[in-house]
Amino acid sequence: LRPANTAGPLAGRRVLVTSGPTHEPIDPVRVLANRSSGRQGHAIAAAAARAGAEVTLVSGPVAIPDPAGVTVVRVETAREMLNAVEAALPVDLAVFAAAVADWRVADGAAQKIKKGAGGPPALTLVENPDVLATVAHGLRRPALVVGFAAETENVVEHARAKLIRKRADMIVANDVSTGSGVMGGDDNRVHIVTADGVEDWPALSKAAVAERLVDRLAALLGPA
Ligand code: CTP
Ligand code: CA
């Protein structure tokens, strides 16, 4: 066990981070999922804990270890993620790094769907709740709300639209169409989009993005 960093820039602050994908069941053995290793979100949770915050990490299914000094709540689906996030409020800062499945299967089958004469099953999808937008529009809105946006084109324009639509204070946007920022990869080249404008960061490791982001967010929050 490590003693709390009472001198850190996030000492006395409560921080919530979402990370990883969500898995939406099709039947008991199959899921609809997003690609996400959880590495960026987990690195942010770890960096916030090192900075002295009391951190809750709500994570979908990932294959990486729990970060040190963080309370981890494991979930599968987007709806479970929303419930776990609401249970962790109030917080001062929330960072939504999870790759939430936008849709779920309308009625997941209770039994394994079998191949058969009927041919492949048709899946009817319904939209999942937007965890970030729900929290950002809610009564217990954190002082600082940060989202991510993985885009393949018009990266900054799409991020700016999400900033406004979701009522976030900051969107960390990355271009997943080329070499850097590829999901599951090591490095991330991000653009920090706020109401004040856009800041392009150089290619950094996910750990370095996490450190720099936590420093920036701590400065925006000020002392507790
Ligand atoms: N997000 C969320 N809940 C959802 C979907 C997205 O909390 N159901 C959050 C993500 O964690 C991320 C931000 O919203 O911080 C943007 O996610 P993204 O998938 O880029 O945005 P969408 O609104 O789903 O738009 P798109 O159609 O581009 O997928
Ligand atoms: Ca989405």
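Going by an unreviewed UniProt entry, the protein chain carries the name Coenzyme A biosynthesis bifunctional protein CoaBC and comes from Hansschlegelia beijingensis.

1. Here we look at the overall build of the protein chain
Scanning the protein chain from terminus to terminus reveals five helices and 14 strands. Relative to the globule expectation of 17 Å for 224 residues, the C-alpha radius of gyration of the protein chain, 18 Å, shows essentially globular dimensions. Counting only C-alpha atoms, the protein chain reaches 65 × 40 × 35 Å along its principal axes. Counting only residues that meet the buried cut, the protein chain has 45% of its 224 residues in that class. For the protein chain, contacts bridging at least 24 residues in sequence account for 63% of all contacts bridging at least 6. Of the accessible surface of the protein chain, which amounts to about 11300 Å², a share of 53% is contributed by carbon and sulfur atoms. Averaged over its 24 positive side-chain charges, the protein chain has a centre that lies 4 Å from the centre of its 24 negative ones.

2. Description of the pattern of salt bridges
What the rule picks out here adds up to nine salt bridges. Taking the shortest distance from any N to any O, the salt bridge between Arg-13 and Asp-92 comes out at 3.5 Å. Placement of the pair is Arg-13 in the segment before strand 1 (14–19) and Asp-92 in the loop between helix 2 (78–88) and strand 6 (93–96), with a sequence separation of 79 residues. For Glu-151, the salt bridge goes to Lys-162, with nearest N and O atoms at 2.6 Å. A residue pair is termed long-range when its members are at least 10 positions apart, and Glu-151 in strand 9 (residues 144–151) and Lys-162 in helix 4 (residues 155–166) qualify at 11 residues. Since its relative accessible area comes to 19%, Lys-162 is described here as buried.

3. Description of helix 2
Every buried residue of helix 2 is accounted for by Ala-78, Met-81, Leu-82, Ala-84, Val-85 and Ala-88. Relative to the axis of helix 2, the buried residues are bounded by an arc of 170° and lie together on one face. Seen from the buried face of helix 2, the exposed residues on the opposite side, beyond 90 degrees, are Asn-83 and Ala-87. Where helix 2 is buried, its residues touch strand 1, strand 2 (23–27), strand 4 (54–59), strand 5 (71–74), strand 6 and helix 3 (131–136).

4. Some words on the nonpolar core
In terms of nonpolar packing, the biggest core is built from 32 residues, with Leu-10, Val-15, Val-17, Val-55, Leu-93, Leu-213 and Leu-217 touching the most fellow members. Counting residues per element, the ones that place at least two in this core are strand 1, helix 1 (39–50), strand 4, strand 6, strand 9, strand 10 (170–175), strand 12 (190–194) and helix 5 (206–221). For this core, the leading source of residues is helix 5, giving seven residues. By size, the runner-up hydrophobic cluster in this structure holds 26 residues, among which are Ala-98, Leu-132, Val-135 and Leu-163.

5. Regarding the sheet that holds strand 5
Spatial ordering of the open sheet is given by 5-4-1-6-9-10-12-13, a layout of eight strands whose pairing is mixed. Bordering the open sheet on either side are strand 5 and strand 13 (197–200), each of which pairs with just one other strand. Taking the axes of each pair of neighbouring strands and ignoring which way they run, one obtains an average angle of 15° across the sheet. With four bridges joining them, strand 4 and strand 5 adopt parallel strand pairing. Residue pairing across strands places Val-58 opposite Val-73, the latter belonging to strand 5. Across the face of the sheet, helix 2 comes into contact with strand 1, strand 4, strand 5 and strand 6 while running at roughly 175° to strand 1.

6. Some details on the coordination of the calcium ion (ligand 2)
Distances from the calcium ion (ligand 2) to its protein donors, Asp-102 (OD) and Asp-102 (OD), fall within 2.5 Å. Along the chain, the position of Asp-102 falls in the loop between strand 6 and strand 7 (103–105).

Conventions used here
- Residues numbered from 1 in each chain as written.
- Chains lettered and ligands numbered in written order.
- Predicted model: local features only at pLDDT ≥ 70, side-chain atom pairs only at ≥ 80, totals over all residues.
- Heavy atoms only, no water.
- Helix = DSSP H or I, 4+ residues; strand = E, 2+ residues; numbered from the N terminus.
- Rg over C-alpha atoms; globule rule 2.2 N^0.38 Å.
- Buried < 20%, exposed > 50% of the residue type's maximum accessible area, 1.4 Å probe, protein only.
- Contact = heavy atoms within 4.5 Å.
- Areas by Shrake-Rupley, 256 points an atom, 1.4 Å probe, with all protein chains shown as cover.
- Lys, Arg positive; Asp, Glu negative; His and termini not counted.
- Charge placed at Lys NZ, Arg CZ, Asp CG, Glu CD.
- Salt bridge = Lys/Arg side-chain N within 4 Å of Asp/Glu carboxyl O.
- Arc of directions from axis to C-beta.
- Core = buried A, V, L, I, M, F, W, Y, C linked by side-chain atoms within 4.5 Å.
- Pairing = 2+ DSSP bridges.
- Axes fitted to C-alpha atoms, helices over the stretch in contact; angles between N-to-C directions.
- Donors = N, O, S within 2.8 Å, 3.2 Å for Na, K, Ca; no water.

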